[in-house]
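Single-letter residue listing:
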Amino acid sequence: MNEMIEKIISRHAIRKFQDRQIEEEVLEQILQAGLYAPSAGNNQRGTIVVCQNKEINLELGKLNHCVMFKGRSRKAVSNTVSADQPSILDDPAITDAFYGAPTVLTIFTRPGVYSHDDAAMIAENMWLAAHFLGVGACYIGRAEETFSSEYGQKIQKEWGVPEGLVPVCHVLLGYREGPEPHAKSRKDGRIIRV
Ligand SMILES: Cc1cc2nc3c(=O)[nH]c(=O)nc-3n(C[C@H](O)[C@H](O)[C@H](O)COP(=O)(O)O)c2cc1C
């Protein structure tokens, strides 16, 4: 199999992070991969905010966790996501939906057709780039709801995010704590050849 495809297949969602911050030159390469993601009509409207402030990331991670369980019983959303790298759906003791990642990226876009697709393209490019560089990463949803809180609005203002941009998702970055997760099998029947 092609070496790059083998790499893509060996990517995992990482949720256990070391405290150690990622190096600036490593982060820079991951961000470049994000900027070179495709965008609908070459709009290039996705904007990436890098936050390495522990307190802010923890506060936003807790808010993101609350959004996930708001108005839903834990049982209704509980699931087995990963035994090796448990998610907030697996472990009720985890209350930080950013899992203590030392770097949290938030992807903002200008609302419009394809804005979520654009953000997801950026996120996936950066997730793969991180993996290629030996950095653990995870995609996190619910950014818009997280930032619609009073605290989120305040932080967004402090960050100087241009007016009209909306947060879509996050990418967590950090060095993995513990062994590489086991590969997850993929469901059968998801390719239809016609
Ligand atoms: C759209 C999307 C949203 C996701 N949201 C979360 C999330 O909020 N929290 C989380 O821990 N993982 C999240 N993930 C990661 C998935 O749980 C993970 O990709 C999935 O369990 C498959 O595992 P793998 O990435 O290791 O193959 C998300 C992934 C995608 C594509």
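Below is a short write-up of the structure.

Cut-offs applied
Residue indices follow the written sequence of each chain, beginning from 1 at its first position. The predicted origin of the model limits local features to residues at a pLDDT of at least 70 and limits the giving and counting of side-chain atom pairs to 80 or more, whereas totals for whole chains, interfaces and linings rest on all residues. Helix and strand definitions here come from DSSP, where helices need a minimum of 4 consecutive H or I residues and strands a minimum of 2 consecutive E residues; each element is numbered from the N-terminal end. The reference for a compact globule is 2.2 Å times residues^0.38; the radius of gyration itself is calculated from the C-alpha atoms. Put simply, a residue is buried when 20 or more other C-beta atoms lie within 10 Å of its own C-beta and exposed when 12 or fewer do; between those, it is partly exposed, and each C-beta is set from the backbone. Any two strands with at least two DSSP-identified bridges between them are counted as paired. Every angle, taken between N-to-C directions, lies between 0 and 180 degrees, and every axis is a line fitted to C-alpha atoms, over only the stretch in contact when it is a helix. In this text, near has one meaning. A residue is near a molecule or strand if its C-beta atom, placed using the backbone, is within 6 Å of it. The nonpolar class holds Ala, Val, Leu, Ile, Met, Phe, Trp, Tyr, Cys and Pro. Asp, Glu, Lys and Arg form the charged class, and all remaining residues, Gly among them, are polar. Defined on buried residues, the nonpolar core groups Ala, Val, Leu, Ile, Met, Phe, Trp, Tyr and Cys residues joined through C-beta atoms within 7 Å. Residue pairs are scored as contacts if the distance between their C-beta atoms, which are placed from the backbone, is within 7 Å. Should an angle fall under 35 degrees it is called roughly parallel, over 145 degrees roughly antiparallel, and 65 to 115 degrees roughly perpendicular, with every other angle called oblique. Two helices cross in a left-handed way if the nearer one is turned anticlockwise from the farther one by less than a right angle. They cross in a right-handed way if the turn is clockwise. By definition here, a helix of n residues has an expected span of 1.5 Å times n minus one.

1. Details of the overall build of the protein
When its secondary structure is counted, the protein shows seven helices and four strands. What you see for the protein is a C-alpha radius of gyration of 17 Å, in line with the 16 Å of a compact globule of 194 residues. With respect to the principal axes defined by its C-alpha atoms, the protein has extents near 45 × 40 × 40 Å. Taking all 194 residues of the protein together, the buried fraction comes to 28%.

2. Some remarks on the sheet that holds strand β4 (residues 166–174)
With antiparallel pairing, the four strands of this open sheet are ordered in space as β1-β2-β4-β3. The open sheet is flanked by β1 (47–51) and β3 (136–140), the only strands paired with a single partner. Here the strands of the sheet are splayed against their neighbours by 25° on average, with no regard to which way each runs. As defined by bridge partners, β3 adjoins β4 across five bridges and the pair is classed as antiparallel. Bridge pairing links I140 to H170 in β4.

3. Quick notes on the site of the ligand
For the ligand, the full set of nearby residues is H12, A13, R15, V81, S82, S87, C138, Y139, I140, G141 and K184. Grouping the amino acids of the shell around the ligand by side-chain chemistry returns five nonpolar, four polar and two charged.

4. Here's the deal with the environment of E24
Within the secondary structure, E24 sits in helix α2 (residues 24–35). On the basis of neighbour count, E24 is assigned to the exposed category, with 7 C-beta atoms found within 10 Å. In this structure, the C-alpha to C-alpha distance between E24 and I191, residues 167 residues apart in sequence, is 40 Å.

5. A word on the nonpolar core
With 34 residues, the main nonpolar core has M126, A137, L172 and L173 as its most contacted residues. Mapped onto this core, the elements with two or more residues apiece are α2, α3 (54–69), β2 (103–109), α5 (115–132), β3, α6 (143–147) and β4. Ranked by the residues each element gives to this core, the list is headed by α5, at seven residues. Here L172 is in contact with F98, Y99, A101, V104, A137, C138 and I140, once residues within four sequence places are set aside.

6. Looking at the packing of α3 against helix α7 (residues 150–159)
Closest axis-to-axis distance for the α3/α7 pair is 10 Å, and the angle between their directions is 140°. With respect to their mutual orientation, α3 and α7 come out oblique. The way α3 lies across α7 gives a crossing that is left-handed. Where α3 abuts α7, its residues I56, E59, L60 and L63 lie against Y151, G152 and I155. The residue inventory of the contact of α3 with α7, partitioned by class, reads five nonpolar, one polar and one charged.

7. A short note on α5
When the terminal C-alpha atoms of α5 are compared, their 26 Å separation across 18 residues agrees well with the 26 Å that a helix rising 1.5 Å per residue should span. For α5, the full list of buried residues reads S115, D118, A119, I122, A123, N125, M126, W127, A129 and A130. In the core, the buried residues of α5 are packed alongside α2, β1, β2, β3 and β4. Of the residues one or two after α5, G134 is the one with positive phi, at around 80°.

8. Focus: the packing of α2 against α5
Where α2 meets α5, the axes come as close as 7 Å, and the angle between the chain directions of the two elements is 145°. Where α2 crosses over α5, the handedness of that crossing is right-handed. For the pair α2 and α5, the contacting residues are Q29, I30, A33 and G34 in the first and I122, N125, M126, A129 and A130 in the second. Within the contact of α2 with α5, the residues separate by chemical class into six nonpolar, three polar and no charged.

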